[in-house]
Amino acid sequence: MTDTTIQNTNDLLGFLVTQAELRKDWFGFTQQKMTAITLSHEIAKNHADKMTPDEIVSYALELNEIIYQKIVRPTTRY
């Protein structure tokens, strides 16, 4: 297993694309955690004047769950 350094959203997207090509569980717990951390930082940079840190993290976690339920493992096909 190689180390992956995520420095920005482009790095994260590239990592997830690579994982999707290599693994069936490409959006597992580790990938969700990395996404939530990166997303939290991005939201904080853009909305720190409007949201508390707790609101930002809660939003990132909720968004990750929705992404997983509606995109990664959708129960309804569109």
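Refer to the structure presented above.
Rules of the game
- Residues numbered from 1 in each chain as written.
- Predicted model: local features only at pLDDT ≥ 70, side-chain atom pairs only at ≥ 80, totals over all residues.
- Heavy atoms only, no water.
- Helix = DSSP H or I, 4+ residues; strand = E, 2+ residues; numbered from the N terminus.
- Buried < 20%, exposed > 50% of the residue type's maximum accessible area, 1.4 Å probe, protein only.
- Polar contact = N/O pair within 3.5 Å; in protein donor to acceptor, adjacent residues only side chain to side chain.
- Contact = heavy atoms within 4.5 Å.
- Expected span 1.5 Å × (residues − 1).
- Arc of directions from axis to C-beta.

A. Molecular detail of the side chain of Thr38. Position of Thr38 among the secondary structure elements: in helix H2 (residues 29-47). Given a relative accessible area of 15%, Thr38 falls into the buried group. Polar contacts involving the side chain of Thr38 include one to the main-chain carbonyl oxygen of Met34, which spans 3.0 Å. The contacts of Thr38, once residues within four sequence positions are left out, are Ile6, Thr9 and Leu12.

B. Focus on helix H3 (residues 53-72). With 20 residues, H3 should cover 28 Å at 1.5 Å per step; its first-to-last C-alpha distance of 27 Å lies within 8% of that length. Buried within H3 we find Ile56, Ala60 and Asn64. One side of H3 carries all its buried residues, which in axial view fall inside an arc of 75 degrees. H3 presents Asp54, Glu62 and Lys70 as exposed residues on the side facing more than 90 degrees away from its buried surface. As for H3, its buried residues are in contact with H2.

C. Examining the environment of Met34 more closely. With respect to the helices, strands and loops of the structure, Met34 is situated in helix H2. With residues up to four places along the chain from it excluded, the contact list for Met34 reads Ile6, Leu12 and Phe15.

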